[in-house]
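Chain residues, written in single-letter form:
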Amino acid sequence: MGIRSGDEYRDSLRDGRRVWMHGERVEDVTKHPAFQPMVDAIARMYDMQHEARYQEVMTFQLPSGERASRFYKLPETPEDLAGIRAMTLALLDEVGGVVDRFGSETATPLFVMYDRRPLLAKYDPRYVRSVEHWLQRCQAEDLFMTSGNTDPKGDRSKQPFEQDDPDLYLRVVSERDDGILIRGAKYETGAAYAHVAFVKPTVGQWRPENRDYAVACIVPLNSPGLKHICRAPLLQTAQAFDRPLSSRFDEIDTLMVFEDVLVPWDSVIFCRQPELASLIRHELHRWGAHAYLLRSLAKADLLVGTACLLAEQNRSIASPAVKEQIAHLMVYREAVHAFILASEAAYERTESGLVMPNQSIAYAGRLYTALHYHEMVHVLRNLAGGSAVLIPDERTLRSPETGPCLEKYYRVGATPAEDRLRVLNLAAELTSTSFAGHKQAYQLFAESPPANQAMILYGAYDREASMRRARRIVGLGEPAG
Ligand SMILES: Cc1cc2nc3c(=O)[nH]c(=O)nc-3n(C[C@H](O)[C@H](O)[C@H](O)COP(=O)(O)OP(=O)(O)OC[C@H]3O[C@@H](n4cnc5c(N)ncnc54)[C@H](O)[C@@H]3O)c2cc1C
C-alpha cells in the first residue's frame, strides 16, 4: 500500500473499534469532537509525506521501490538518527504543536527487538518471525502504532502475581494453537485513533513467578474483546482563541481493556518469558529517549518564544531582570538541544550493528529534561503574571457591550488587546490550564517514572572511567581482577 494519505488514515479508523467517552459509545472517532482535532493533526502528518517539500525528510525507499515512513527505517547509519530529528521537528513545526504521540517513539521498541533477534531465536524462532513480520507491516501499511506499557498495577508494594485480582497487570490466560489469549488493561495515549498497539511489560522486577505477565505482542486496536475506555477531554467549553493548544492537541489517553483478546502467534513478540521482560525494560528506550528529547525541544522552544512575546508586548523586555528570566528558559532549551546533538554525534553501535544515540548522554538528557520542565513552566508563569489566568474570553472581546473595555484595558501602546489576549492564552495553556497540568505530568512520567529512568542511566553510564580518575588522584591502584 505504501504511504497513506490523511483521508485514507481517517477511513481506516472506521473499523468497528469499540471506544467509550463519558461512558457512551463513540460511533466514529473521526467525527467526535473529543478526537477530531487530533485525528486532523495526524491526518495532516500523513498528507505531508506526499508533498514534494517534505517527502525526502519524512519517507525512505523500501527495496520494493515503495516509500515508507522514516519512523520505521531501521537506524543503520548516523544519518538515520539525524533524519529522525529532521522529520520530528518538521512535523511539529508544520502542525504548530505540542504533540507527543504520533509514532516517533512508539516504533522504536520494534528496533530493540529486531536488534535482539539472535537472543529471541534462542527462546522461540516464532518471536523473530513476529518482529520481522510487524516491522514489514508497519513499513508497508504505514501504520500508526501506540505503546501499551503501563498497567493499572493495583497495590504498588506487591508483584503482579501477588495482587488480589490477577488481572491488575496484563497477563496470558492461555496458549492455543492459533495464538494466545490475553486479559488485563494498559494505559495508552492516542489509542482511540491509532492502528495497532505494541503491548509490553511495565517497570518492575521480572521474577519467574511473574511468568504469566511477561508478555509482549502487537494488537490491532479494533480487535474483538478490546475496549477503549477514554478519559474526558481537557477542553470543556472554550474555543481555539481561548485555548490554542487544548482545542487542537488534546491527545486523549485511554485505558485499554483486554477481555480475553486473541493474539495470533505471528503477533506474539514473546510469551511467558520473564528474562525477556527484564531485557526489554532495560533496552526499551535505546532510541525512545532521543525521541522524547526531540519533542521536548519543541516544547522548550515554545516556552522561550512565548516568554519573549509576552515581555515584548507588555514592554518589560528591556529589563535585565526579565532578560535573565528568559535566559533561564534559553539554557533549558539549549541544554535539551545539546543532549540531542551530542547523543547523535557520540552514537554507539548495538550488538547487531544498528546505530543508536549515545546511551548515557540520551538517558541523562531525558532525566534532566523530565526533572526540570516544571521549573521552566514556573519561570514562564512568573513572567506572564496573574493576567494569564484572569483574562476574559473571545466572546467578551467580540461583544459590542464588553469588547471596548477589553480593547481599552488590554492594549499596550501599539499592541492591540486581541494580540495580547492571544499570547496570554498561550501562556495559560503552557502554565495554568488543565492542558498545562496534563503536559507537566506527561513530561515527568513519559516512558517511565524518573526513579526508573535514573536506574537506566546508572546502568548505561561508564562508571569505571570516572572511578579510574578518582582512584588515580588519591593514589589507589587498579581494582583486582
Ligand atoms: C499524560 C500521560 C500519558 C501517558 N501515556 C502512556 C502511554 O501511552 N503508554 C503507557 O504505557 N503509559 C503511559 N503513561 C503512563 C506512564 O508511563 C506512567 O504514568 C508512569 O510509568 C508511572 O506509572 P504510574 O502512573 O502507574 O505511577 P506509579 O507506579 O503509581 O508511581 C508513582 C510514583 O511512585 C513511585 N513508586 C511506584 N511504586 C513504588 C514502589 N513500590 N516503591 C517506591 N516507589 C514507588 C514511582 O517511582 C513514581 O514516582 C502516561 C502517563 C501520562 C501522565
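Residues numbered from 1 in each chain as written. Predicted model: local features only at pLDDT ≥ 70, side-chain atom pairs only at ≥ 80, totals over all residues.

*Asks:* Got a minute to help me understand the nonpolar core in this structure?
*Replies:* Soluble globular proteins tend to pack their nonpolar side chains together in the buried interior. Ile42, Val215, Cys217, Leu380 and Ala427 are the most contacted members of the largest nonpolar core, which totals 135 residues. For this core, the leading source of residues is helix α9 (residues 288–313), giving 13 residues. Those residues in contact with Ala427, other than ones at most four positions away along the chain, are Thr306, Leu310, Leu380, Ala384 and Ala388. (Core = buried A, V, L, I, M, F, W, Y, C linked by C-beta atoms within 7 Å. Buried ≥ 20, exposed ≤ 12 C-beta atoms within 10 Å, placed from the backbone. Helix = DSSP H or I, 4+ residues; strand = E, 2+ residues; numbered from the N terminus. Contact = placed C-beta atoms within 7 Å.)

*Asks:* Honestly, the site of the ligand in this entry has me stumped. Any pointers?
*Replies:* The full set close to the ligand counts 20 residues, and Asn149, Thr150, Thr189, Tyr442 and Pro449 are the nearest of them. A per-class count over the shell around the ligand returns 6 nonpolar, 9 polar and 5 charged. Shared between two domains, the shell around the ligand takes at least three residues from each, and those domains are domain 1 (6–283) and domain 2 (288–471). (Near = placed C-beta within 6 Å. Nonpolar A, V, L, I, M, F, W, Y, C, P; charged D, E, K, R; others polar. Domains from an automatic or database assignment.)

*Asks:* Is there a simple way to think about the sheet that holds strand β2 (residues 24–26) in this case?
*Replies:* By way of backbone hydrogen bonds, the strands of a sheet pair with one another, either parallel or antiparallel. The mixed open sheet is built from 6 strands, whose spatial order is β2-β1-β10-β11-β7-β6. Taken across any chain shown, the strands that pair with only one partner, and hence form the sheet edges, are β2 and β6 (171–176). If you compare each strand with its neighbour and ignore which way they point, the axes differ by 25° on average. Pairing of β6 with strand β7 (residues 179–189), which is carried by 5 bridges, proceeds in the antiparallel orientation. Among the inter-strand pairings, Arg171 is bridged to a residue of β7, identified as Arg183. (Pairing = 2+ DSSP bridges. Axes fitted to C-alpha atoms, helices over the stretch in contact; angles between N-to-C directions.)

*Asks:* For this particular structure, what's the right way to read the environment of Ile42?
*Replies:* Following the sequence through the fold, Ile42 ends up in helix α2 (residues 36–48). Since 25 C-beta atoms lie within 10 Å of it, Ile42 is described here as buried. Counting along the chain gives 53 residues from Ile42 to Val95, while the straight-line C-alpha distance between them is 8.9 Å.

*Asks:* For this particular structure, what's the right way to read the pairing of strand β8 (residues 196–199)?
*Replies:* Regular strands have side chains that alternate between both faces of the sheet. On β8, burial covers both faces: Val196 and Phe198 on one face and Ala197 and Val199 on the other are all buried. Summarising the sheet, strand β5 (residues 145–148) and β8 pair through 4 bridges and their orientation is parallel. Each residue of the ladder has a partner; that of Met145, found in β8, is Val196. Across 4 bridges, the pairing between β8 and strand β9 (residues 215–220) is antiparallel. Within β9, the residue paired with Val199 across the bridge is Cys217.

*Asks:* I would appreciate a short explanation of the packing of helix α11 (residues 359–384) against helix α17 (residues 450–460) in the present structure.
*Replies:* A pair of packed helices can be characterised by two numbers: the angle between their axes and the separation between those axes. Here α11 crosses α17 at 155°, and the two axes come no closer than 9 Å. The angle between α11 and α17 places the two elements in the roughly antiparallel class. Considering how the two elements wind past one another, α11 and α17 form a crossing that is left-handed. Residues Gln359, Ser360, Tyr363, Ala364, Arg366, Leu367, Ala370 and Leu371 of α11 pack against Pro450, Gln453, Ala454, Ile456, Leu457 and Ala460 of α17. Its residues assigned to classes, the contact of α11 with α17 shows 10 nonpolar, 3 polar and 1 charged. (Parallel < 35°, antiparallel > 145°, perpendicular 65-115°, else oblique. Left-handed = near helix turned anticlockwise from the far one by under 90°.)

*Asks:* Teacher, can you tell me more about the pairing of β7 here?
*Replies:* The hairpin turn running from β6 into β7, its antiparallel successor, is 2 residues long. Pairing between β7 and strand β11 (residues 253–263): 9 bridges, direction antiparallel. By the bridge assignment, Thr189 is partnered in β11 with Asp253.

*Asks:* Teacher, can you tell me more about the environment of Gly65 here?
*Replies:* You can see Gly65 is positioned in the loop between β3 (59–61) and β4 (67–69). Its 7 C-beta neighbours within 10 Å are what place Gly65 among the exposed residues. In this structure, the C-alpha to C-alpha distance between Gly65 and Gly2, residues 63 residues apart in sequence, is 9.5 Å.

*Asks:* Just checking my understanding: could you explain the domain arrangement of the chain for this structure?
*Replies:* How big an interface is tends to be expressed through the accessible area that disappears when the partners come together. For the chain, the assigned domains are domain 1 (6–283) and domain 2 (288–471). One C-alpha centre belongs to domain 1, the other to domain 2; they are set 25 Å apart. If you look at the interface, domain 1 gives 30 residues, while domain 2 gives 36 residues. The set of elements that each furnish at least two residues to the side of domain 1 that touches domain 2 consists of α4 (78–95) and α5 (108–115). If one sorts the elements of the side of domain 1 that touches domain 2 by residue count, α4 sits on top with 8 residues. Within the side of domain 1 that touches domain 2, the residues separate by chemical class into 15 nonpolar, 7 polar and 8 charged.

*Asks:* Just checking my understanding: could you explain the sheet that holds β9 for this structure?
*Replies:* Taken together, the 4 strands give an open sheet; going across it, the order is β5-β8-β9-β12, and neighbouring strands pair in mixed fashion. At either end of the open sheet lies a strand with only one pairing partner, and these are β5 and β12 (268–271). On average, adjacent strands in this sheet sit at an angle of 25° to one another, irrespective of strand direction. Strand direction decides the pairing type here: β9 and β12, joined by 3 bridges, are antiparallel. By the bridge assignment for β12, Cys217 is matched with Val268. Across the sheet, helix α7 (residues 125–141) lies against β5, β9 and β12, angled at about 150° from β12, the strand it touches most.

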